[in-house]
Each structure stands twice: as structure tokens, then as C-alpha cells.
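Close look at the chain arrangement
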Amino acid sequence: MRIVIALAGIGAILSALPAVAQDFTLTSRSIAEGAQLSNDQVFKGFGCEGGNTSPQLAWINPPEGTKSFAVTAYDPDAPTGSGWWHWNVVDIPASVSELPSGVSGSMDNGATELANDFGVKGFGGACPPAGEVHRYIFTVHALGVETLDLPAHASNALAGYMINANSIGTAHITTIYTR
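Residues numbered from 1 in each chain as written. Predicted model: local features only at pLDDT ≥ 70, side-chain atom pairs only at ≥ 80, totals over all residues. Heavy atoms only, no water.

**Brief notes about the sheet that holds strand S10 (residues 167-178)**
Put simply, the rule is: Note: two strands are recorded as paired if DSSP finds a minimum of 2 bridges between them. Put simply, DSSP marks the helices as runs of H or I at least four residues long and the strands as runs of E at least two long, and each gets a number from the N terminus on.
Here 5 strands make up an open sheet; going across it, the order is S8-S6-S5-S9-S10 and the pairing antiparallel. Because the sheet does not close on itself, it has two edges, and the strands there are strand S8 (112-113) and S10. Of the strand pairs in this sheet, strand S9 (residues 133-143) and S10 are connected by 11 bridges, and their pairing is antiparallel. Paired with Arg-135 across the bridge in S10 is Ile-176.

**Details of the state of the cysteines**
How we decide: By definition, disulfides here are pairs of cysteine sulfur atoms that lie within 2.5 Å. Summary of the burial criterion: residues with accessible area below 20% of their type's maximum are buried, those above 50% are exposed, and those between are partly exposed, where the area comes from a 1.4 Å probe applied to protein chains only.
Evaluation of the coordinates by the stated rule reveals 1 disulfide. Covalently, Cys-48 is tied to Cys-127 through a disulfide, its sulfur atoms 2.1 Å apart. As the torsion about the S-S bond is roughly 95 degrees, the Cys-48-Cys-127 disulfide counts as right-handed. Here the residue Cys-48 occupies a position in strand S3 (residues 48-49), and Cys-127 occupies one in the loop between S8 and S9, the gap between them amounting to 79 residues. The pair Cys-48 / Cys-127 is uniform in exposure class, with both members buried.

**Examining helix H2 (residues 156-166)**
The condition is simple: The arc under discussion is defined with respect to the helix axis, by the directions toward the C-beta atoms.
Considered for burial, the residues of H2 that qualify are Asn-156, Ala-159, Gly-160, Ile-163 and Asn-166. One side of H2 holds all its buried residues, which, seen down the axis, span an arc of 145 degrees. Away from its buried face, by an angle of more than 90 degrees, H2 presents the exposed residues Ala-157, Tyr-161, Asn-164 and Ala-165.

**Some words on the sheet that holds strand S4 (residues 57-60)**
Strand order across the open sheet formed by 3 strands is S1-S4-S7, with antiparallel pairing between neighbours. The open sheet has two edge strands with one neighbour each: strand S1 (25-27) and strand S7 (98-99).

**Some words on the packing of aromatic side chains**
In this description, an aromatic ring pair is defined by two values, namely the gap between the centres and the angle between the planes. What counts, and what does not: Here a Phe, Tyr or Trp ring, Trp counted by its six-membered ring, pairs with any other such ring whose centre lies within 6.5 Å, and the pair is stacked when the planes are under 30 degrees apart, edge-to-face when over 60, and tilted otherwise.
Summed over all chains, the structure comprises 8 aromatic pairs. Look at Phe-43 and Phe-118: their rings are 3.7 Å apart centre to centre, the planes differ by 0 degrees, and that puts the pair in the stacked class. Of this pair, Phe-43 sits in the loop between S1 and strand S2 (44-45) while Phe-118 sits in the loop between S8 and S9, and the two are 75 residues apart along the sequence. Classification of Phe-43 as buried rests on a relative accessible area of 10%.

**Things to note about the pairing of strand S5 (residues 68-75)**
Counting buried positions along S5 gives 7 out of 8 residues, so the element sits mostly inside the fold. Summarising the sheet, S5 and strand S6 (residues 84-93) pair through 7 bridges and their orientation is antiparallel. The partner of Thr-72 across the bridge, within S6, is Asn-88. The pairing of S5 with S9 spans 7 bridges and is classified as antiparallel. By the bridge assignment, Tyr-74 is partnered in S9 with Ile-137.

**With respect to the side chain of His-141**
The condition is simple: We call two residues in contact whenever any of their non-hydrogen atoms come within 4.5 Å of each other.
You can see His-141 is positioned in strand S9. Residues within four places of His-141 in sequence aside, it is in contact with Ser-68, Phe-69, Ala-70, Thr-72, Ile-163, Gly-169 and Thr-170.

**Brief notes about the confidence of the model for the protein chain**
Cut-off, in case you're wondering: Every residue gets a pLDDT, meaning the predictor's confidence in that residue, from 0 to 100.
Summing up the model confidence of the protein chain, the mean pLDDT is 91 and the portion of residues at 70 or higher is 88%. Confidence drops under pLDDT 50 across residues 1-19; counting only partners more than four residues distant or on other chains, this segment forms 0 contacts.

**A closer look at the nonpolar core**
Note the following rule: For our purposes a nonpolar core is just a set of buried Ala, Val, Leu, Ile, Met, Phe, Trp, Tyr and Cys residues, chained together by side-chain atoms within 4.5 Å.
Trp-59, Val-71, Trp-87, Ile-92, Leu-99 and Val-140 are the most contacted members of the largest nonpolar core, which has 33 residues in total. Looking at this core, the elements with two or more residues in it are S4, S5, S6, S9 and S10. Judged by nonpolar contacts, the second largest core, of 9 residues, contains Ala-70, Leu-143, Leu-150 and Ala-159.

**So, unusual backbone geometry**
One non-glycine residue, Asn-52, lies in the positive phi region at around 50 degrees. As for its position among the elements, Asn-52 is in the loop between S3 and S4. Classification of Asn-52 as partly exposed rests on a relative accessible area of 25%. Phi is positive for Asn-61, close to 60 degrees, though the residue is something other than glycine. Tracing the sequence through the fold places Asn-61 in the loop between S4 and S5.

Have a look at this one:
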């Protein structure tokens, strides 16, 4: 009898607690955590022969107060001393929760794509030096501002600074690639 009463008391306490927020989560049908990128997400140039196609990305449960999103793809293993920015999309409206595969270069949702470290606006796929395994971190950033108000030719360093200064949450998928 005491066990039943104790369990009923615990149930009452648990039901009075506020609901736990779901985790901000990034998913994709194109890429997977820890998996090798497909040839679709490999750069075409610099000795690489890929499709240079931006992956499909979708996110759920952004933090309360999200006013816009940014999406980045970054290789921390590039032999540059500062990594390599493969994609930087800012000012994605808060109403957007998915970027379809291949959307880079044709975004019609009000977002802005910056020049990647290959020097071209939009997505630039993986292309590490031959024989090296590199990580590619795809991140969606929930931002507390509607726009970052970046200058027209903002560097990825400036964009990163502004994204991090206004971030209220992130979700990511880390992939790999070697050739």
C-alpha cells in the first residue's frame, strides 16, 4: 500500500513539472553523422571531380526567441591555420526549417549566401588534400535577430563573429571525406 501511495505522489510531482523542451536537432537525407560524404557533396575543381551539390538539411525544435537562422559548413582540418568555410548562409527567415538538396545558388527565401573559401558564392564541396581525412561540420544556428546586417562582401570571419554573437542555439552534423 505504501508503494502505491509513494508512486502516486511521484506521478503528481512529475506532472506538475514544466514540460522539457525538445532538443534543437539537425537532420539530413543527404549526409549522416560520422559518415563519408557522397560524391554529390564533393567540389568540382582543385583536383576534385564531384557534383558540388549542397545537401538537404532540415531542423526541428529551435529555441524560443529564434528570429532567423544561419547555416554553415566548415572544415576545421584544412591546412590553412584557420580552417575552410565551405558554405555560409545567413538571414534565413525563422519560418524556414529546411534547405532542399541543391538549393545553393537559387535560394528564394530571403537568405543570403556568402562567398566560400574557394572564392565563389554558395556551397563549395569537400576537396581535402589526397590521402587526408577531413571533418565537415554542417551547423544550423538559431539567431535572436532577424538579420545580421552584414556588408555586401562580408568575410566568413566577420559572418562567424556575428553569427556567434547572436546565436541562441546550434545543431550540427559532422561528416568526413577522404580521397
